[in-house]
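# Residue-level structure breakdown
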Amino acid sequence: MDFDETVLFLQDYSWIFNFKVTEILSKTTLQNIPYQWFQYLKDTNIDEFNKTFVYTTEGKFADEYKKSIAIVEQNFIQQFKFRLNKIKMKNKEFKFDSSNDKENPSLWKGHSEKKIHEVRRFTQFIDNKLLKTEDLCIVDIGSGLGYLDEKLLSYGFDVIGIECNEAFHKSAIQRHKKESEGMNNSVTMKHLHMNFSFQPDCVKAVEKSISDEKDGCLVALHACGDLTNQIIKTFIHSEKIRSLAVVSCCYHKMNSNDFPISQKLKEASVELNVNYFNHFFLRLGANEPLSRWMKMSDIEHIEHSNNVLFRSVLEMYSKQVGLELKKKRRKATKKSEIKDFVGYVDNLENIYDLSFTEQEKMHLQSIYETKRYLHKFVENLTGLQFLVQQVIEQLILADRKAYIEEQMNQIYCDSEHECDIELVYIFDDVISPRNTVIYASKNSKR
Ligand SMILES: C[S@@+](CC[C@H](N)C(=O)[O-])C[C@H]1O[C@@H](n2cnc3c(N)ncnc32)[C@H](O)[C@@H]1O
């Protein structure tokens, strides 16, 4: 990935994401949007937007689109698409072979399609990648209820599950007891209750739990926040750990000093004066992917734009009158049940700890009347966010990959290590949005 081009692209288009969603109507947010873009976004319907940006950039309907257009795209649109296409990466895709999957039907009872999809694929990916020898032990960090561990066990791996949540840890032990009843397993399973980090005592405890004659492989399925970076650092520095396969999630839960971590991206961001590596940026990186936007129906678009616009009007109102919005602890009304702004206002007393007089309701309505022309704008801007989401996520993952490369080169430059590092799509992102695995392996010539 070209860090300079990507960072510059995100800098030039930071007006797409660098704000709190409820402040989409604030003066600062609107002032940052180039005039031509603002005019375009507020006047274009979703079908037209999708034809222009989504179907062409995604290629699926590209030919049909090209044939049908007599449209001359405006310069600023062409520029955006050109730059987006230039920086977009396509990772390798893992081909899952269902005929080769080892079923354990009792494991799947009552599970979501998403969990089954993830566990089956991730296990087969690990199995294909690692040389399955008796010398290997897999350490699953953030193992949750232990589904992946059971599956790995059925593939013949020794497994250690590490989980910080005591209830999950206990459930995983119980599940394993049930699953292994009457079985004569040649492989072993351990569960450790531990809040894992790259601290000497944690690393030592993990190393100690792997028997002397075995090497360790660290895996994690949806490691949140900065857990991925802790795992990566352990892989780099521990001689006992030979490989790593991590699927990350919740980038916005990282500490601010965990992104960027590679020298390469740090330097690019200093040189280009980047000021947008913040919560909004990481939050968008962890949002749903473009495939979700492509599946949205007309009704879902209307409900979404209502939801965002109505909430932003409330934000404006509360700022004007100095109102603090405290949510009640109860389930909000479904988006689909809110048909218009009047219905939204009537429902507010159910959601927030407040009540409105008729006059206050009229005040809210009057703000909405001045903003209602922005429905298309809100939805199209969301569409641009979906397009930028993939770039942000790729940058976060490419930063982690670059960090592994840099550290491995620095630490092991004189030794006999070679390191394979890859980013691979392993899940269908419609089913599981965080679908990219960071895989690395120290191929020593020892
Ligand atoms: C998103 S869940 C994924 C669970 C499991 N891997 C799965 O896919 O079903 C993340 C899990 O990691 C655990 N976790 C988070 N930080 C951890 C840490 N530092 N050490 C151990 N477990 C951790 C959480 O308690 C949670 O169970």
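To start, this report covers the structure provided alongside it. (Residues numbered from 1 in each chain as written. Predicted model: local features only at pLDDT ≥ 70, side-chain atom pairs only at ≥ 80, totals over all residues. Heavy atoms only, no water.)

### So, the overall build of the chain
A count of helical and extended segments in the chain gives 18 helices and eight strands. When the accessible surface of the chain is summed, it comes to about 22,400 Å², and 48% of that surface belongs to carbon and sulfur atoms. (Helix = DSSP H or I, 4+ residues; strand = E, 2+ residues; numbered from the N terminus. Areas by Shrake-Rupley, 256 points an atom, 1.4 Å probe, with all protein chains shown as cover.)

### Regarding the pattern of salt bridges
Taken as a whole and judged by the stated rule, the model has 20 salt bridges. Between Glu288 and Arg292 there is a salt bridge whose closest N-O contact spans 4.0 Å. We classify Arg292 as partly exposed; its relative accessible area is 29%. Three or more residues joined by partner-sharing salt bridges are found here, namely Glu23, Arg311, Glu315 and Lys319. (Salt bridge = Lys/Arg side-chain N within 4 Å of Asp/Glu carboxyl O. Buried < 20%, exposed > 50% of the residue type's maximum accessible area, 1.4 Å probe, protein only.)

### Examining helix H10 (residues 200-209)
Along H10, the residues that are buried comprise Cys202, Val203, Val206 and Ser209. For H10, the angular spread of buried residues about the axis comes to 130 degrees, placing them on one side. Structural note: H10 exposes Pro200, Asp201, Lys204 and Lys208 on the side pointing more than 90 degrees away from its buried face. Where H10 is buried, its residues meet strand E2 (136-141), strand E3 (158-163), strand E4 (189-193) and helix H11 (227-237). (Arc of directions from axis to C-beta. Contact = heavy atoms within 4.5 Å.)

### Notes on the packing of helix H3 (residues 35-43) against helix H6 (residues 75-87)
Between H3 and H6, whose axes approach to 10 Å, the crossing angle comes to 95 degrees. By the criterion of interaxial angle, the relationship of H3 to H6 is roughly perpendicular. In this structure, H3 contributes Gln36, Trp37 and Tyr40 to the contact, and H6 contributes Phe76, Ile77 and Phe80. A breakdown of the residues in the contact of H3 with H6 according to their chemical character gives five nonpolar, one polar and no charged. (Axes fitted to C-alpha atoms, helices over the stretch in contact; angles between N-to-C directions. Parallel < 35°, antiparallel > 145°, perpendicular 65-115°, else oblique. Nonpolar A, V, L, I, M, F, W, Y, C, P; charged D, E, K, R; others polar.)

### Observations concerning the site of the ligand
Taken together, 15 residues lie around the ligand, and Lys115, Gly142, Glu163, Phe196 and Leu221 are the ones closest in. In this structure, Asn195 approaches the ligand through a side-chain N or O atom, which is 2.9 Å from a nitrogen atom. Here a nitrogen atom of the ligand sits 2.9 Å away from a polar atom, N or O, in the main chain of Phe196. When the ligand sits alone it has 590 Å² of accessible area, and the protein chains cover 79% of it. (Near = heavy atom within 4 Å. Polar contact = N/O pair within 3.5 Å; in protein donor to acceptor, adjacent residues only side chain to side chain.)

### A few points about the packing of aromatic side chains
By the definition in use, this model includes 32 aromatic pairs. Note on Tyr13 and Trp37: the rings are 6.4 Å apart at their centroids and 80 degrees apart in plane angle, and the pair reads as edge-to-face. Of this pair, Tyr13 sits in the loop between helix H1 (3-12) and helix H2 (27-31) while Trp37 is found in helix H3, placing the two residues 24 residues apart along the sequence. Exposure class is identical for Tyr13 and Trp37. Each is buried. (Phe/Tyr/Trp six-rings, centres within 6.5 Å; stacked < 30°, edge-to-face > 60°.)

### Quick notes on the sheet that holds strand E8 (residues 436-442)
Ordered by their spatial adjacency, eight strands build an open sheet running E1-E7-E8-E6-E5-E2-E3-E4, and the pairing between neighbours is mixed. The two strands at the open ends of the sheet, each matched to only one other strand, are strand E1 (92-93) and E4. Pairing analysis gives five bridges linking E2 to strand E5 (residues 215-224), with the strands arranged parallel. Looking at the pairing, Cys137 lines up with Gly216 of E5. (Pairing = 2+ DSSP bridges.)

### Some details on the environment of Ser355
Checked against the element boundaries, Ser355 lands in the loop between helix H16 (341-351) and helix H17 (358-371). For Ser355, a relative accessible area of 56% gives the class exposed. Apart from the residues within four sequence positions on either side, Ser355 is in contact with Glu349 and Glu360.

### Notes on a negative patch on the surface
Together, Asp2, Asp4, Glu267 and Glu271 line one region of the surface with negative charge. Mapped onto the elements of the fold, Asp4 is located in helix H1. For Asp4, a relative accessible area of 39% corresponds to the partly exposed category. (Patch = residues over 30% accessible without salt bridge, like charges linked within 9 Å, V, L, I, M, F, W, Y side chains within 5 Å. Lys, Arg positive; Asp, Glu negative; His and termini not counted. Charge placed at Lys NZ, Arg CZ, Asp CG, Glu CD.)

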